[in-house]
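Spelled out from the first residue to the last, the chains are:
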Amino acid sequence: MNHLMARAVLRRLAGGRTSNSYISTPSSSPFHEMRFGKSAPLLRGRGLAFVGGEQRGRTMSTATGRKAGVAEKEREEGAADEKKKMGEGSGTAVSSYWGISRPKITKEDGTVWPWNCFLPWETYQSNLSIDLRKHHVPKTFLDKVAFRTVKILRVPTDIMFKRRYGCRAMMLETVAAVPGMVGGMLLHLRSLRKFQQSGGWIKALLEEAENERMHLMTMVELVQPKWYERLLVLTVQGVFFNGFFVLYLLSPKLAHRIVGYLEEEAVHSYTEYLRDIDNGKIENVPAPAISIDYWRLPKDATLKDVITVIRADEAHHRDVNHFASLDKVDPPPVQDIHYEGKELREAPAPLGYH
């Protein structure tokens, strides 16, 4: 080894070579030959001895690792910039599906639309001129069965909730949103099977279900259900959904008549709710923001305004379902039945799904 170093120093002094020259010599050290073979060059310079092949491999590996790290950092920064750009100005999380974000929607006053469960063009002003005192007198056997069924179902509700109309309304809406969904779904499947039009009833029933669901979303803002009430909702919804599904398959006419009477009870319950508000038994708190946007209420609307429009909705659902339970050959009682505030002559024909 000493002999080798001496030769390298003499060559550098004699030839003026740089300290980074490669030399290949058969007198390499036994350790070098044993590890790398006789043909592996030695790189000597700046007082250090490196094996050329090993050092080049390490240098390339380090450079590659640095490039990969830089690329990964650039990707992360790009993703952060994109996310910031998508959510810029909203102040809330941006919901997206496969990277497609929802377009920016604003209200009439220019503020950002805050709701994902409904959009501005799905809002409306409820028709408060509808007759709230109408009652379908049961005449046929099925009418009497429907009427008695609803009266029996009201007994446990009265026992459990009494005059707690907030909790009562919350429970009522979890049930009231089921019939429209079941009826619309079954009519949809029937239309597909028979290659027939539905006469607009699929959309009407699904819109009824959505409207009832919005009633529930509003009541939840006003009344926070307790754990046992949530458990009761799960039980009642499971039983009612399956029971109503079977009933609608057997007799849609009876199913709609039952819903009509349920809506009559809803009108009565909300009337009692308003009476307690007027008497000061229930505080007339400000209306939830979701109800102001959904029913286009004034910004200073109160709980009384919300209950008033919900009661009008229930009255419309009452008339629609009583009308849907009519036979094709029945003479329409134009003076008694209305559809969305219009007389029966302008409403769609009865379902005929009997």
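Keep in mind the model is a prediction, meaning the values are calculated, not measured.

Draft legend 1. Examining the pattern of salt bridges more closely. Per the counting criterion, the structure on display carries 10 salt bridges. Salt-bridge contacts for Glu-265 lead to Arg-154; the nearest nitrogen and oxygen are separated by 2.6 Å. With Glu-265 in helix 8 (residues 252–278) and Arg-154 in helix 4 (residues 141–161), this residue pair connects regions lying 111 residues apart in the sequence. Of the residues examined, Glu-265 reaches a relative accessible area of 13% and is grouped as buried. According to the relative accessible area criterion, Arg-154 is partly exposed, its value standing at 23%. Members of the salt-bridge network, linked through shared partners, are Lys-134, Arg-318 and Asp-319.

Draft legend 2. Expanded view of the nonpolar core. Ranked by internal contacts, the top residues of the largest apolar core, which has 25 residues, are Val-182, Leu-187, Trp-201, Phe-240, Phe-244, Tyr-248 and Ile-258. Only helix 4, helix 5 (165–194), helix 6 (201–222), helix 7 (227–250), helix 8 and helix 10 (303–324) provide two or more residues apiece to this core. The dominant element in this core, judged by the number of residues it contributes, is helix 8, at six residues. Residue contacts for Ile-258: discarding those within four places in its chain leaves Ala-146, Val-150 and Leu-247. By size, the runner-up hydrophobic cluster in this structure holds 24 residues, among which are Ile-105, Tyr-273, Ala-301 and Val-306.

Draft legend 3. The packing of aromatic side chains, seen in detail. Counted according to the given criterion, the structure contains 11 aromatic pairs. Residues Trp-113 and Phe-118 carry aromatic rings whose centres are separated by 5.5 Å and whose planes lie at 90 degrees to one another, so their mutual orientation is edge-to-face. For the pair Trp-113 and Phe-118, a shared accessibility class is recorded, and that class is buried. On the basis of an interplanar angle of 35 degrees and a centroid distance of 6.2 Å, the ring pair of Trp-201 and Phe-323 is categorised as tilted. Here Phe-323 lies in helix 10 and Trp-201 lies in helix 6, a separation of 122 residues in the sequence.

Thresholds, definitions, all that
Residues numbered from 1 in each chain as written. Predicted model: local features only at pLDDT ≥ 70, side-chain atom pairs only at ≥ 80, totals over all residues. Heavy atoms only, no water. Salt bridge = Lys/Arg side-chain N within 4 Å of Asp/Glu carboxyl O. Helix = DSSP H or I, 4+ residues; strand = E, 2+ residues; numbered from the N terminus. Buried < 20%, exposed > 50% of the residue type's maximum accessible area, 1.4 Å probe, protein only. Core = buried A, V, L, I, M, F, W, Y, C linked by side-chain atoms within 4.5 Å. Contact = heavy atoms within 4.5 Å. Phe/Tyr/Trp six-rings, centres within 6.5 Å; stacked < 30°, edge-to-face > 60°.

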